[in-house]
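Coordinates in review
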Amino acid sequence: MNFLNKMERKFGRYAVPNLTFWLIGAWVLGFIIQYTMPEAQILLTLEPRLILHGQVWRLISWLLIPPPVNILFLIFFISCYYFIGISIEQAIGTFRYNIYLIGGLLCSVLGAFILYIIYYLMAGIPVTGIGNYFSTHYVTMSLFMAYAAIFPNTEFRLYFIIPFRAKWLGIIDAVWMVFMFIVSNWAGRVAIIASLMNFLIFFFSTRNYRRISPHEIRRKQVYRQQMRQVQGVTKHKCAICGRTEKDGENLQFRFCTKCEGNFEYCQDHLFTHQHIRRS
């Protein structure tokens, strides 16, 4: 937590807001390629051997390979994951969401190269086909598991009929991934671990995140709309990052009832700071 706070103070200004929009945009482009030029997908995969031979675009182009979704559910899938990504970003802050999502993608790239090195050392020759195991499929699952951890009681309608709480769907995803880990070969296992490393690291190291309901998110949005930027002397200042209402009209501030003293925090640190105890 302290490390993330320090990183956010230094690099938080460079965080990309609404990063989910760009990820979904890549998926949409990937769906278009999939149904119009399916033979071109072989040029997009995360293939370490070919990357080392100069095809460096594959470090990013594999994001264009969309998760396996039926075309009939495409609009629902896109709108659902856009909602999930935006909700996570509002809950943990733009900087931490950037770290979570980009960290998961980087772990997948690193996992592909580690697997390539292992196969090369074992076989003695460069191998191909590793890119077939790495896609955005498990990345989407890590996003949903993060959402289920933060908003466990949100209700989804499976097939638009059967009601399920997010926490149960998250558990089902976890069980399914454990099953796939058992039945897969080592390439598939490395792909699963690498894709979910962001969830394991980020959420097991920040267990004191408060669960935020959609009602709370709505209340925060209403409060933000009602805030007025004060000219001259500032009224609010975050005890962690030092930001005031002058640093952005969309910033909101709250006092923490669990801290001993009058300590005010911005929305990015209200639920992530360490509570101050004088005793």
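Residues numbered from 1 in each chain as written. Predicted model: local features only at pLDDT ≥ 70, side-chain atom pairs only at ≥ 80, totals over all residues. Heavy atoms only, no water.

1. Let's talk about the nonpolar core
Condition: Throughout, nonpolar core names a set of buried Ala, Val, Leu, Ile, Met, Phe, Trp, Tyr and Cys residues whose side chains join them through atoms within 4.5 Å. Per-residue accessibility, obtained with a 1.4 Å probe over protein chains only, is compared with the maximum for each type, and a residue is labelled buried under 20%, exposed over 50%, and partly exposed between these values. A run of H or I in DSSP becomes a helix once it reaches four residues, and a run of E becomes a strand once it reaches two; helices and strands are each numbered from the N terminus. Contact criterion: two residues are considered in contact whenever any of their non-hydrogen atoms come within 4.5 Å of each other.
Residues I88, F134 and L143 are the most contacted members of the largest nonpolar core, which totals 55 residues. Every element with two or more residues in this core is listed here: α2 (19-36), α5 (74-92), α6 (94-123), α7 (137-150), α8 (166-183) and α9 (186-204). A total of 10 residues in this core trace back to one element, the largest contributor, which is α7. Residues contacting I88, with those up to four places away along its chain left out, are G93, Y97, L143, A146, Y147, I150 and F151.

2. Concerning the state of the cysteines
What counts, and what does not: Cysteine sulfur atoms are paired as a disulfide whenever they fall within 2.5 Å.
Under the criterion given, the structure shown has zero disulfides. Residue C259 stays outside any disulfide, its sulfur separated by 3.7 Å from that of C256, the closest cysteine.

3. Describing the pattern of salt bridges
Just so we agree on the cut-off: Every case where a carboxyl oxygen of Asp or Glu lies within 4 Å of a side-chain nitrogen of Lys or Arg is listed as a salt bridge.
Counted by the stated rule, this structure contains one salt bridge. One salt bridge connects R243 with D268, and the closest N-O pair in it is separated by 2.9 Å. Pair noted here: R243 is in the loop between α10 (214-226) and β3 (253-255) and D268 is in the segment after β4 (264-266), with a separation of 25 residues, a long-range link. For R243, a relative accessible area of 25% translates into the label partly exposed.

4. What to know about the environment of G12
With respect to the secondary-structure elements, G12 resides in the loop between α1 (2-11) and α2. For G12, a relative accessible area of 24% corresponds to the partly exposed category. Once the C-alpha coordinates of G12 and T94 are considered, the two residues, 82 residues apart in sequence, prove to be 8.1 Å apart. Beyond its immediate chain neighbours, meaning those up to four positions away, G12 contacts M7 and F95.

5. Concerning the packing of aromatic side chains
The relative placement of two aromatic rings is captured by the distance of their centres and the angle of their planes. Filter applied, for reference: Under the pairing criterion, centres of Phe, Tyr and Trp rings, with the six-membered ring standing for Trp, must be within 6.5 Å; the plane angle then separates stacked pairs below 30 degrees from edge-to-face pairs above 60, leaving the rest tilted. Note on criteria: charge over ring means Lys NZ or Arg CZ within 6 Å of the ring centre, with the direction from the centre no more than 35 degrees off the ring normal.
Scanning the entire structure with this criterion turns up seven aromatic pairs. Look at W27 and F77: their rings are 5.6 Å apart centre to centre, the planes differ by 40 degrees, and that puts the pair in the tilted class. Taken together, the positions of W27 in helix α2 and F77 in helix α5 put the pair 50 residues apart, joining distant regions of the chain. Assigned by exposure class, W27 and F77 land together as buried. The interplanar angle of 85 degrees and the centroid separation of 6.3 Å between the aromatic rings of W27 and Y81 together place this pair among those described as edge-to-face. Highlighted residues: W27 in helix α2 and Y81 in helix α5, separated in sequence by 54 residues. Its relative accessible area of 1% is what places W27 among the buried residues. Of note, R189 hangs over the ring of F181, and the distance from its end group to the ring centre comes to 5.7 Å.

6. Here we look at α6
An α-helical turn contains 3.6 residues, so any two residues separated by three or four positions project in the same direction. Counted only if it meets this: Multiplying 1.5 Å by the helix residue count minus one yields the expected span of that helix.
When the terminal C-alpha atoms of α6 are compared, their 43 Å separation across 30 residues agrees well with the 44 Å that a helix rising 1.5 Å per residue should span. Remark: G124 follows α6 within two positions and exhibits a positive phi of approximately 85 degrees.

7. Description of α5
For α5, spanning 19 residues, the distance from its first C-alpha to its last is 27 Å, which sits close to the expected 27 Å at 1.5 Å a residue. Residues of α5 that are buried: L74, F77, I78, C80, Y81, I84, G85, S87, I88, E89, A91 and I92. Of the residues one or two after α5, G93 is the one with positive phi, at around 100 degrees.

8. So, the side chain of E47
Put simply, the rule is: Note on charges: Lys and Arg go in the positive column, Asp and Glu in the negative column, and His and the chain ends are not counted at all.
Summarising the element assignment, E47 is placed in the loop between α2 and α3 (48-52). The side chain of E47 is buried and forms no salt bridge, while R58, the nearest opposite charge, is found at 5.6 Å. Not counting residues within four places of it along the chain, the set of residues in contact with E47 comprises R58, V127, T128, G129, I130 and G131.

9. With respect to the confidence of the model for the chain
Heads up, the rule is: pLDDT is a per-residue confidence score from the predictor, ranging from 0 to 100.
Chain-level statistics for the chain give a pLDDT mean of 79 and a share of 86% at 70 or above. Within the model, pLDDT remains below 50 along residues 208-214, and this stretch shows 21 contacts once partners closer than five positions in the same chain are excluded. Segment residues 228-232: pLDDT under 50, and seven contacts once partners within four positions in sequence are set aside and those in other chains are kept.

10. Some points on the environment of Y119
Along the chain, Y119 falls in helix α6. With relative accessibility at 27%, the residue Y119 sits in the partly exposed group. Measuring from C-alpha to C-alpha, the distance between Y119 and A187 comes to 9.4 Å, with 68 residues separating the pair along the chain. When near neighbours in sequence (up to four residues on either side) are disregarded, Y119 contacts G124, I125, V127, I130 and A187.

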